[in-house]
Amino acid sequence: MEHIRDITKDNFDKEVVKAKLPVIIDFWAEWCMPCKMLSPVIDEVAKEFAGKLRIGKINVDEDAELASQLMVMNIPTLLFFKDGREVKRAVGVLSKKELLKKIDEAFGE
């Protein structure tokens, strides 16, 4: 997906901490059915908010250390970052309407 970035421990600082835009990170895994259910919602929102919001994905199987550092215990988990700091998190599958509400709560002025 062209609007979604792969986030790893190697690029986390650049892509999240130093990002000028607000960032949402989707923690997921290939085998996770709820993650697969959330994926199309994330893709749709990433397209709609292109240029206003950065969306990244972290595969917990490939980057377990980063998930652990950020205290992600369940997947799917979304972390919302503004100015390099976590401002909100959501665990589990969200509808598009629920995700838009969370975005507004996290980043709304």
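Cut-off values and rules
Residues numbered from 1 in each chain as written. Predicted model: local features only at pLDDT ≥ 70, side-chain atom pairs only at ≥ 80, totals over all residues. Heavy atoms only, no water. Helix = DSSP H or I, 4+ residues; strand = E, 2+ residues; numbered from the N terminus. Expected span 1.5 Å × (residues − 1). Bend = angle between axes of the 7 residues up to and from the residue. Buried < 20%, exposed > 50% of the residue type's maximum accessible area, 1.4 Å probe, protein only. Contact = heavy atoms within 4.5 Å. Phe/Tyr/Trp six-rings, centres within 6.5 Å; stacked < 30°, edge-to-face > 60°. Lys NZ or Arg CZ within 6 Å of the ring centre and 35° of its normal.

**Student:** What should I look at first to understand helix α2 (residues 33-48) in this one?
**Tutor:** The end-to-end C-alpha separation of α2 is 24 Å, in line with the 22 Å expected for 16 residues at 1.5 Å each. Along α2, the sharpest change in direction is near 30° and occurs at Ser-39; proline Pro-40 comes one to four residues later. Burial in α2 covers these residues: Cys-35, Leu-38, Val-41, Ile-42, Asp-43, Val-45 and Ala-46. Considering only its buried residues, α2 is in contact with β1 (4-6), β2 (23-28), β3 (54-59), β4 (77-82) and α4 (96-107).

**Student:** Got a minute to help me understand the packing of aromatic side chains in this structure?
**Tutor:** Aromatic rings considered in pairs are described by the distance between their centres and by the relative angle of their planes. Summed over all chains, the structure comprises two aromatic pairs. Judged by centre distance (5.9 Å) and plane angle (80°), the ring pair of Phe-12 and Phe-81 falls under edge-to-face. Taken together, the residues Phe-12 in helix α1 (residues 12-17) and Phe-81 in strand β4 connect sequence positions 69 residues apart. A relative accessible area of 12% places Phe-12 in the buried class. If you follow Lys-57 out to its NZ or CZ, it ends over the ring of Trp-28, 5.7 Å from the centre.

**Student:** Could you clarify how one ought to interpret the environment of Arg-85 in this entry?
**Tutor:** Note that Arg-85 resides in strand β5 (residues 85-91). Sequence spacing of Arg-85 and Pro-22 is 63 residues, and the spatial spacing of their C-alpha atoms is 9.5 Å.

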